[in-house]
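A look at the structure
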Amino acid sequence: MSVTRFTPSGMMQPTPYHHVAVGQGSRHIHVSGQIARNEDGSAIAENDLAGQVAQALRNTAIGLAGAGATFEDVLRLTFYVTHWAPERIGEFMDGVTRVVEEIGLPTPMPPASLIGVDYLFEPDVLVEVEATAILD
């Protein structure tokens, strides 16, 4: 396996993600920011953070698969969420848990960051997901 994830003792626990990932391999895969859009560009889950998180993760899985990877190969995830507030974590995590089995997202997740932003490139986009993976 090209990725080992763990959380060393002394780091905050529990979290829905591992704090550290070690990758060994030579093929780096970078999936650009994925949003809640269908293949034809139509919006999915308008005004629904959980629904948009789920679809953005589905699209990320498609990007990984296109490069011959899965979420098992992911070193890091970065989530950008518009108008973030701590009380939105339940809705955000609902979107994640909706697709865990469907897309093979490990739990805990790979190391992840959730970054609150004012605005993404379209006003209806509530979340964008980036992934970095590595293969042997």
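Before any of the text, the structure's been laid out above.
The text that follows walks through the structure, step by step, so that each part is easy to find. (Residues numbered from 1 in each chain as written. Predicted model: local features only at pLDDT ≥ 70, side-chain atom pairs only at ≥ 80, totals over all residues. Heavy atoms only, no water.)

Take the sheet that holds strand β6 (residues 127-135) next. With mixed pairing, the four strands of this open sheet are ordered in space as β3-β6-β4-β5. The sheet is open, and its two borders are formed by β3 (27-34) and β5 (112-117), each paired with just one other strand. Going from strand to strand, the sheet's axes swing by 10 degrees on average, the running direction of each strand aside. Bridging between strand β4 (residues 74-82) and β5 involves six bridges; their strand directions are parallel. Its bridge partner being in β5, Thr-82 is matched across the sheet by Val-117. Sitting on the sheet, helix α1 (residues 49-66) touches β3, β4 and β6, and the angle it makes with β6 is about 30 degrees. (Pairing = 2+ DSSP bridges. Helix = DSSP H or I, 4+ residues; strand = E, 2+ residues; numbered from the N terminus. Axes fitted to C-alpha atoms, helices over the stretch in contact; angles between N-to-C directions. Contact = heavy atoms within 4.5 Å.)

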